[in-house]
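Observations on chain architecture
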Amino acid sequence: QQQVKQSPQSLIVQKGGIPIINCAYENTAFDYFPWYQQFPGKGPALLIAIRPDVSEKKEGRFTISFNKSAKQFSLHIMDSQPGDSATYFCAASKGRKLIWGLGTSLAVNP
Amino acid sequence: GAGVSQSPSNKVTEKGKDVELRCDPISGHTALYWYRQRLGQGLEFLIYFQGNSAPDKSGLPSDRFSAERTGESVSTLTIQRTQQEDSAVYLCASSLVQGGNQPQHFGDGTRLSIL
């Protein structure tokens, strides 16, 4: 059972565009929602994270929007650059383990 | 080193052989996680260790898989009698303390190929 559903599976945007990646979760007990970025041949790295007591969090060009009632959260990348081309994973947790989405492969064309 | 170190970076072996993968966590990190990532897929939790507590082995896919960790240091993941479906990247992560809401720092993984 996939507890965190991520979409789209892949995404192509032009430089300067604003890719949006969405995640939906089922367990209302989840209280921590991170996004990880993974480049080919590397392990994932924490990008930004949010807790359900806030609706939005920004760090540089990256923004998480959180909708608790809809049980959805999304990642927005402002002014996207070719260097942002990577796979992005959302995740959710309550306590010990992260539950991961299946990932979104993002390509930003020059 | 400053980050999580995994070795070997690549491993090719024949079906039926045993393999051992190693993870050196960040110094001082008490929690250590192993994940499996199949090509184009998400991360599949395998096992985690927290200090001297009993490990959570709930993600191990079969009894061919086992892992050990001594205290808060190196961990080894062993796969016995490897099968072709074991081909994947095995990722290790460590965090300062236990808990999903602590940032997990990943190594670059071991790419395992079973012929």
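Residues numbered from 1 in each chain as written. Chains lettered and ligands numbered in written order. Predicted model: local features only at pLDDT ≥ 70, side-chain atom pairs only at ≥ 80, totals over all residues. Heavy atoms only, no water.

A short note on the overall build of chain A
Tallying secondary structure elements over chain A gives 0 helices and 11 strands in all. Reading the secondary structure of chain A in the N-to-C direction produces β-β-β-β-β-β-β-β-β-β-β. In summary, chain A has a C-alpha radius of gyration of 13 Å against a globular reference of 13 Å for 110 residues, a match within 12%. With respect to the three principal axes, the spread of C-alpha positions in chain A is 40 × 30 × 20 Å. Every one of the 110 residues in chain A was classed for burial, and the buried ones make up 43%. Taking contacts inside chain A between residues at least 6 apart in sequence as the whole, the part at least 24 apart equals 52%. For chain A, the exposed surface amounts to about 5400 Å²; the carbon and sulfur share of it is 50%. Positive and negative charge centroids in chain A, built from 12 and 7 side chains respectively, lie 6 Å apart. (Helix = DSSP H or I, 4+ residues; strand = E, 2+ residues; numbered from the N terminus. Rg over C-alpha atoms; globule rule 2.2 N^0.38 Å. Buried < 20%, exposed > 50% of the residue type's maximum accessible area, 1.4 Å probe, protein only. Contact = heavy atoms within 4.5 Å. Areas by Shrake-Rupley, 256 points an atom, 1.4 Å probe, with all protein chains shown as cover. Lys, Arg positive; Asp, Glu negative; His and termini not counted. Charge placed at Lys NZ, Arg CZ, Asp CG, Glu CD.)

Examining the sheet that holds strand β6 (residues 65–69) of chain B
Residue and element names in this part refer to chain B. Pairing is antiparallel across the open sheet formed by 4 strands, whose spatial order is β1-β3-β7-β6. Two strands bound the open sheet, and with one partner strand each, they are β1 (5–7) and β6. Mean inter-strand twist for the sheet, computed between neighbouring axes without regard to direction, equals 15 degrees. Of the strand pairs in this sheet, β1 and strand β3 (residues 19–24) are connected by 3 bridges, and their pairing is antiparallel. In the strand pairing of β3, Ser 7 is matched with Arg 22. (Pairing = 2+ DSSP bridges. Axes fitted to C-alpha atoms, helices over the stretch in contact; angles between N-to-C directions.)

Quick notes on the interface of chain B and chain A
Between chain B and chain A, the residue contacts involve 20 residues of the former and 18 residues of the latter. Note on chain B versus chain A: buried area summed over both sides is about 1600 Å², and carbon and sulfur give 51% of it. Lys 97 of chain A serves as the salt-bridge partner of Asp 56 of chain B, at 3.8 Å between the closest nitrogen and oxygen. For the interface between chain B and chain A, the tally reads 5 residue pairs in polar contact (both at pLDDT 80 or more). Looking at the side of chain B that touches chain A, the elements with two or more residues in it are β4 (31–37) and β5 (43–50) of chain B. (Buried area = accessible area lost by both parts, 1.4 Å probe. Salt bridge = Lys/Arg side-chain N within 4 Å of Asp/Glu carboxyl O. Polar contact = N/O pair within 3.5 Å; in protein donor to acceptor, adjacent residues only side chain to side chain.)

Comments concerning the sheet that holds strand β8 (residues 72–77) of chain A
All names here are of chain A. Spatially, β1-β3-β8-β7-β6 is the arrangement adopted by the 5 strands of the open sheet, whose pairing is antiparallel. Looking at strand neighbours, the two that pair on one side only are β1 (4–7) and β6 (56–59), the edges of this open sheet. Neighbouring strand axes in the sheet, compared pairwise and without regard to direction, differ in orientation by 15 degrees on average. Pairing analysis gives 4 bridges linking β1 to strand β3 (residues 20–25), with the strands arranged antiparallel. Across the sheet, residue Lys 5 finds its bridge partner in β3, namely Ala 24.

Some points on the pattern of salt bridges
All names here are of chain B. In total, this model carries 7 salt bridges over all chains according to the counting rule given. Asp 24 is the salt-bridge partner of Arg 22, the closest N and O atoms lying 2.9 Å from each other. Judged by its relative accessible area of 37%, Arg 22 is partly exposed. Its relative accessible area of 24% is what places Asp 24 among the partly exposed residues. Linking Asp 86 and Arg 64 is a salt bridge whose minimum nitrogen-to-oxygen distance equals 2.8 Å.

Structural notes on the packing of aromatic side chains
A complete count under the given rule lists 18 aromatic pairs over all chains for this structure. With centroids separated by 4.8 Å and ring planes inclined at 45 degrees, the aromatic side chains of Tyr 25 of chain A and Phe 33 of chain A adopt a geometry described as tilted. Of the two residues examined, Tyr 25 of chain A and Phe 33 of chain A, each falls in the buried class. Centroid distance Tyr 33 of chain B to Tyr 48 of chain B: 5.5 Å. Interplanar angle 25 degrees. Geometry classified as stacked. (Phe/Tyr/Trp six-rings, centres within 6.5 Å; stacked < 30°, edge-to-face > 60°.)

Re the side chain of Gln 38 of chain A
With respect to the helices, strands and loops of the structure, Gln 38 of chain A is situated in strand β4 (residues 33–38). Gln 38 of chain A sits in the buried class, given a relative accessible area of 9%. Of the polar contacts made by the side chain of Gln 38 of chain A, one reaches the backbone oxygen of Lys 42 of chain A; its length is 2.9 Å. For Gln 38 of chain A, the side chain forms a polar contact with the side chain of Gln 37 of chain B, separated by 3.0 Å. In this structure, Gln 38 of chain A is in contact with Gly 43, Pro 44, Ala 86, Thr 87 and Phe 89 of chain A together with Gln 37 and Leu 91 of chain B, ignoring residues within four places of it in sequence.

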